[in-house]
Amino acid sequence: MCGIVGYVGKDQAAPILLEGLTKLEYRGYDSAGIAVRDGKNAPVTVKEKGRIADLKDKIGPVESIVGTCGIGHTRWATHGAPSETNAHPHHSDDDAVIGVHNGIIENYEEIRDKLKRNGYRFYSQTDTECIIKLVDYYYKKYGEGPLRAISRAILRVRGSYALCLMFADYPGEIFCARNGSPMIIGKNGKDAFIASDVPAILNHTRKVYYIDNMEMARLKEGSIEFYNIDCEPLVKTLTEITWDAEAAERGGFEHFMMKEIHEQPKAVEDTIHSVTDDKDKIDLSSTGLTAEDIKAIDNILIIGCGSAYHVGMVAQYVFEDMTGIPVRVEVASEFRYRRSPIAPNTLAIIISQSGETADSLEALRKCKAAGVKTLAIVNVIGSSIAREADYVFYTLAGPEIAVATTKAYSTQLVANDLLAIEFARVRGNLTKKQAAALVKELKTLPDKIQRILDDKERIQWFASKFANANDIFFIGRGLDFATCMEGSLKMKETSYVHSEAYAAGELKHGTISLIEDGILVIGVCTQSEVIEKTISNMVEVKSRGGYLMGLTTAGNYNMEDIANFCVFIPKTDEHFTTSLAVIPLQLMGYYVSLARGVDVDKPRNLAKSVTVE
Ligand code: AGP
């Protein structure tokens with residue numbers, strides 16, 4: 001996820017671009033840049049690694065950049081580490097085309113190969129440079145003008161994009177195209193604005209056009225035109241934004257946590273597509289892992305903290321079931337001080353959203369010192385854990401602002417699913433066909449997550465009844481126990497209600513003494529092998545006064561006879577049910593927190609990344 005701004009009109013562009021980028025830093029902040037054009041002169045481009053403040057420092061007095069037409073970008077790296085070279089804007093070699101992009105071009109490598117065969121060279125590691133040069137290629141090859149060149153290019157790419165381009169032959173004009181990534185076009189008198197999100201332009205206008213997928217726009221002072229993919233003119237309605245600036249940063253959601261819960265379908269889809277093709281084949285080459293590496297693994301050691309550790313608990317079941325490789329899961333802060341033997345031919349998987357968690361980083365270093373190979377599953381390109389691991393699987397969740405992780409957690413789940421499927425295929429536990437079928441099922445998860453989100457009001461109604469709860473228990477077996485661990489943490493860290501996750505079979509070994517009238521116990525039952533066992537544990541709880549919420553898969557409607565409140569998730573392969581079962585539990589934590597009036601996005605005592613011990 002990145003932030004894009006554009007402006008053309010009567011005023012100087014640079015101040016407007018920098019102000020807009022500052023408002024969009026929550027969308028990405030590892031590097032930034034602007035390109036401003038004064039009449040027919042070539043654009044002046046300034047780019048810098050780091051935050052907008054670093055870019056401003058590099059520019060110096062903003063008056064030094066003259067021109068009333070320009071584009072800008074603040075980046076959340078997905079392809080290519082954060083650097084000045086990889087920062088946007090990107091340009092064709094002769095500056096005929098210069099542009100910025102938000103989104104992910106899935107087939108950028110094949111496009112880059114095509115362009116190289118046609119004499120193009122590349123200076124960055126980004127997918128964006130590929131699409132900019134593809135537009136340039138069609139612009140020069142067919143000579144049909146910018147809109148037709150853009151149309152040809154976007155018909156050729158797979159993925160999501162919000163594109164803003166300037167053409168040397170068209171001074172004072174900006175061309176846009178959109179598919180899947182957000183973009184709005186603002187208007188104030190003769191001034192025209194482009195932004196990834198409303199906050200960037202609220203100080204200048206509340207009047208906006210919404211450009212739809214596979215549509216293009218042409219902006220110049222006093223004129224805003226829209227076109228469909230066939231370059232036919234479209235008529236758009238100017239609408240009024242009613243949000244305040246702060247609400248706009250959260251995309252209209254009350255909190256970043258809720259916004260990020262709703263970004264999970266896209267984040268999961270992007271992460272799956274980052275290593276699969278349209279034939280459901282997995283390609284792990286971007287991680288650096290080879291088939292030989294995978295065949296040499298005798299043990300897997302998964303290490304993380306908090307939610308990342310809970311992902312490891314889920315991954316343990318999935319890896320062992322699919323590959324037969326023994327898997328050990330460790331809390332990083334415990335592992336790093338224990339003198340535990342690490343067997344040779346172990347693959348150590350370090351899971352970390354931030355890639356900066358001190359305990360996880362030290363655990364990684366301990367594994368490397370023991371001479372084993374390390375794979376990082378991280379969400380931040382170029383983070384410490386990513387840089388020090390032997391292999392890296394980047395999740396594409398985008399910036400996660402809320403302290404309580406949701407979309408990063410969900411992308412880590414599917415990252416591990418994909419690794420387990422590919423490991424099993426390479427090692428002969430799964431046929432190519434079986435592996436592809438599992439990938440095909442994985443690709444249904446975004447829609448299934450969305451279906452659960454569409455029914456969130458039921459969860460809100462139920463959660464509000466427990467705003468004053470003192471204790472909430474989560475019970476489950478196998479994968480469901482791992483899901484309970486995450487559900488319990490979400491409840492604790494967002495609502496401050498004490499909560500425990502328990503292996504359902506363990507309850508009778510002591511903890512059940514805590515169950516008394518009205519205590520909420522959430523039973524998670526998605527694993528058919530043990531569902532009857534968990535249900536009988538739930539009945540034990542109910543007979544002692546517990547108040548039951550049953551979370552199970554559609555079809556297990558007998559849960560209605562046992563639980564006081566039921567939530568049914570769509571059916572999926574039982575290895576993947578956590579990706580669905582965790583959504584209602586995220587919502588439970590959020591809504592109980594809301595009902596208790598605590599700070600959902602920044603809970604007390606917590607930090608987004610624990611970079612100290
Ligand atoms: C989860 O909601 C918490 N924010 C916390 O447990 C977090 O998962 C943990 O600190 C690990 O962070 P990391 O993934 O950035 O390493």
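The structure this text deals with has already been given above.
None of these values were measured; they are calculated from a predicted model. (Residues numbered from 1 in each chain as written. Predicted model: local features only at pLDDT ≥ 70, side-chain atom pairs only at ≥ 80, totals over all residues. Heavy atoms only, no water.)

Visitor: Hey, could you run me through the pattern of salt bridges in this one?
Guide: Tallied over the entire structure, the rule returns 30 salt bridges. Notably, a salt bridge pairs Lys 58 with Glu 84, separated by 2.9 Å at the nearest N-O pair. Of this pair, Lys 58 sits in helix 2 (residues 52-59) while Glu 84 sits in the loop between strand 4 (69-75) and strand 5 (90-91), and the two are 26 residues apart along the sequence. Because the salt bridges share partners, they merge into one network encompassing Asp 93, Arg 121, Glu 129 and Lys 133. (Salt bridge = Lys/Arg side-chain N within 4 Å of Asp/Glu carboxyl O. Helix = DSSP H or I, 4+ residues; strand = E, 2+ residues; numbered from the N terminus.)

Visitor: Which parts of the structure should I look at to understand the sheet that holds strand 22 (residues 498-503)?
Guide: Within the open sheet, the five strands sit side by side as 22-21-23-24-25. Their pairing is parallel. Each of the sheet's edge strands pairs with one partner strand only, and the pair in question is strand 22 and strand 25 (565-569). Looking at each pair of strands side by side, their axes are set apart by 15 degrees on average, direction ignored. By the bridge criterion, six bridges tie strand 23 (residues 520-525) to strand 24 (residues 547-553) in an arrangement that is parallel. Residue pairing for strand 24: Ile 522 is matched across the bridge by Met 549. (Pairing = 2+ DSSP bridges. Axes fitted to C-alpha atoms, helices over the stretch in contact; angles between N-to-C directions.)

Visitor: When you look at the sheet that holds strand 3 (residues 44-49) in this model, what are you seeing that I'm missing?
Guide: Sheet strands line up and pair through hydrogen bonds in the backbone, either parallel or antiparallel. In space, the eight strands of this open sheet follow the order 3-2-4-1-10-9-11-15, with antiparallel pairing throughout. Among the strands making up the open sheet, the edge pair consists of strand 3 and strand 15 (239-240). Relative to strand 10 (residues 191-195), strand 1 (residues 3-8) runs antiparallel, the two being bridged by four bridges. Looking at strand 10, one finds that Tyr 7 is bridged to Phe 193. Sheet contacts for helix 1 (residues 13-23): strand 1, strand 2 (31-37), strand 4 and strand 10; angle to strand 2, the most-contacted strand, approximately 155 degrees. Lying over the sheet, helix 2 contacts strand 2, strand 3 and strand 4, oriented at roughly 135 degrees with respect to strand 3. (Contact = heavy atoms within 4.5 Å.)

Visitor: It is not clear to me how the nonpolar core should be interpreted in this structure. Could you clarify?
Guide: One broad trend across soluble globular proteins is that nonpolar side chains are buried collectively. Ranked by size, the top nonpolar core spans 117 residues in total, and within it Ile 34, Phe 319, Ile 421 and Phe 423 carry the most contacts. If one sorts the elements of this core by residue count, helix 14 (residues 407-426) sits on top with eleven residues. Contacts of Ile 421, omitting those with residues within four sequence positions, involve Ile 282, Met 322, Leu 430, Ala 435, Leu 438, Val 439, Leu 442 and Phe 576. Judged by nonpolar contacts, the second largest core, of 32 residues, contains Ile 105, Ala 149, Ile 150 and Leu 163. (Core = buried A, V, L, I, M, F, W, Y, C linked by side-chain atoms within 4.5 Å. Buried < 20%, exposed > 50% of the residue type's maximum accessible area, 1.4 Å probe, protein only.)

Visitor: Got a minute to help me understand the pairing of strand 22 in this structure?
Guide: Note on strand geometry: in a regular strand, side chains alternate between the two faces of the sheet. Bridge count between strand 21 (residues 471-476) and strand 22: six bridges; the pairing is parallel. Across the sheet, residue Ile 475 finds its bridge partner in strand 22, namely Tyr 502. Crossover connection from strand 21 via helix 18 (residues 479-495) to parallel strand 22: handedness right-handed. (Right-handed = clockwise from strand over helix to strand, strands pointing away.)

Visitor: Could you clarify how one ought to interpret helix 17 (residues 456-464) in this entry?
Guide: Because each turn of an α-helix spans 3.6 residues, side chains separated by three or four positions end up pointing in the same direction. Among the residues of helix 17, Lys 456, Ile 459, Phe 462 and Ala 463 are the ones counted as buried. Taken around the axis of helix 17, the buried residues stretch over an arc of 120 degrees, which confines them to a single face. Buried residues along helix 17 sit against helix 7 (256-262), helix 16 (445-453), strand 23, strand 24, strand 25 and helix 20 (578-596). (Arc of directions from axis to C-beta.)

Visitor: Honestly, the packing of helix 3 (residues 108-117) against helix 4 (residues 127-142) in this entry has me stumped. Any pointers?
Guide: When two helices pack together, their arrangement is given by the angle between their axes and by how far apart the axes lie. With their axes 9 Å apart at the nearest point, helix 3 and helix 4 run at an angle of 45 degrees to one another. Our classification of the angle between helix 3 and helix 4 gives oblique. Regarding helix 3 and helix 4, the two cross each other, and that crossing is left-handed. Only Asp 127, Cys 130, Lys 133, Leu 134, Tyr 137 and Tyr 138 of helix 4 make contact with helix 3, whose side of the interface consists of Tyr 108, Ile 111, Arg 112, Lys 114 and Leu 115. Class assignment of the residues belonging to the contact of helix 3 with helix 4 gives a composition of seven nonpolar, no polar and four charged. (Parallel < 35°, antiparallel > 145°, perpendicular 65-115°, else oblique. Left-handed = near helix turned anticlockwise from the far one by under 90°. Nonpolar A, V, L, I, M, F, W, Y, C, P; charged D, E, K, R; others polar.)

Visitor: Looking at this structure, how should I read unusual backbone geometry?
Guide: Generally, phi is negative for residues other than glycine and the peptide bonds are trans, each holding for most cases. Following His 88, the chain continues to Pro 89 via a peptide bond in cis, the omega torsion being 5 degrees. Structurally, the position occupied by Pro 89 is in the loop between strand 4 and strand 5. Here the phi dihedral of Asp 280 falls at roughly 65 degrees; this positive angle occurs in a residue that is not glycine. If you trace the backbone, Asp 280 turns up in the loop between helix 8 (264-273) and helix 9 (291-295). Residue Asp 280 is classed as buried on the basis of its relative accessible area, which comes to 15%. Not every positive phi belongs to a glycine, and Asn 345 is a case in point at roughly 60 degrees. Following the sequence through the fold, Asn 345 ends up in the loop between helix 11 (332-335) and strand 18 (346-352). For Asn 345, a relative accessible area of 43% gives the class partly exposed.

Visitor: What am I meant to see in the state of the cysteines here?
Guide: Here, disulfide denotes a covalent bond that connects the sulfur atoms of two cysteines. Scanning the entire structure with this criterion turns up zero disulfides. Take Cys 367: it sits in no disulfide, and the sulfur closest to it among the cysteines is that of Cys 305, at 13 Å. Taking relative accessible area as the criterion, Cys 367 reaches 0% and is therefore assigned buried. Just so you know, Cys 484 is unpaired, no disulfide at all, and the nearest cysteine sulfur is the one on Cys 525, 8.4 Å from it. (Disulfide = S-S within 2.5 Å.)

Visitor: What exactly am I supposed to notice about the side chain of Thr 323 here?
Guide: If you trace the backbone, Thr 323 turns up in helix 10 (residues 306-323). Its relative accessible area of 5% is what places Thr 323 among the buried residues. Within the structure, the side chain of Thr 323 is placed 2.6 Å from the backbone oxygen of Phe 319, a separation counted as a polar contact. Filtering out sequence-adjacent residues up to four positions away, Thr 323 remains in contact with Ala 420, Phe 423, Ala 424 and Asn 429. (Polar contact = N/O pair within 3.5 Å; in protein donor to acceptor, adjacent residues only side chain to side chain.)

Visitor: Please explain the pairing of strand 7 (residues 159-167) as it appears in this structure.
Guide: Along strand 7, eight of the nine residues are buried, which leaves the element largely enclosed by surrounding structure. Where strand 6 (residues 97-105) meets strand 7, nine bridges bridge the pair, whose relative direction is antiparallel. Directly across from Val 97, in strand 7, lies its bridge partner Phe 167. In terms of strand pairing, strand 7 meets strand 8 (residues 173-179) through four bridges, oriented antiparallel. The partner of Ala 162 across the bridge, within strand 8, is Arg 178.

Visitor: Before we go on, may I ask you to explain the environment of Leu 134 in this structure?
Guide: With respect to the secondary-structure elements, Leu 134 resides in helix 4. As a C-alpha pair, Leu 134 and Ile 150 span 16 residues in sequence and 8.5 Å in three-dimensional space. Apart from the residues within four sequence positions on either side, Leu 134 is in contact with Ile 111, Lys 114, Leu 115, Ala 153, Arg 156 and Val 157.

Visitor: Sorry, what's going on with the site of the ligand here?
Guide: Taken together, 14 residues are adjacent to the ligand, and Ser 352, Gln 353, Ser 354, Thr 357 and Glu 493 come closest. Thr 405 has a polar backbone atom sitting 2.9 Å from an oxygen atom of the ligand. Relative to its free-state accessible area of 410 Å², the ligand is covered by the protein chains to the extent of 91%. A breakdown of the residues in the shell around the ligand according to their chemical character gives five nonpolar, seven polar and two charged. (Near = heavy atom within 4 Å. Areas by Shrake-Rupley, 256 points an atom, 1.4 Å probe, with all protein chains shown as cover.)

Visitor: What should I look at first to understand the environment of Asp 417 in this one?
Guide: Mapped onto the secondary structure, Asp 417 falls in helix 14. On the basis of relative accessible area, Asp 417 is assigned to the buried category, the value being 2%. Counting along the chain gives 122 residues from Asp 417 to Val 539, while the straight-line C-alpha distance between them is 32 Å. Beyond its immediate stretch of four places on either side in the chain, Asp 417 contacts Val 318, Leu 442, His 575, Phe 576 and Ser 579.

Everything listed here is a matter of geometry and, on its own, says nothing about what the molecule does.
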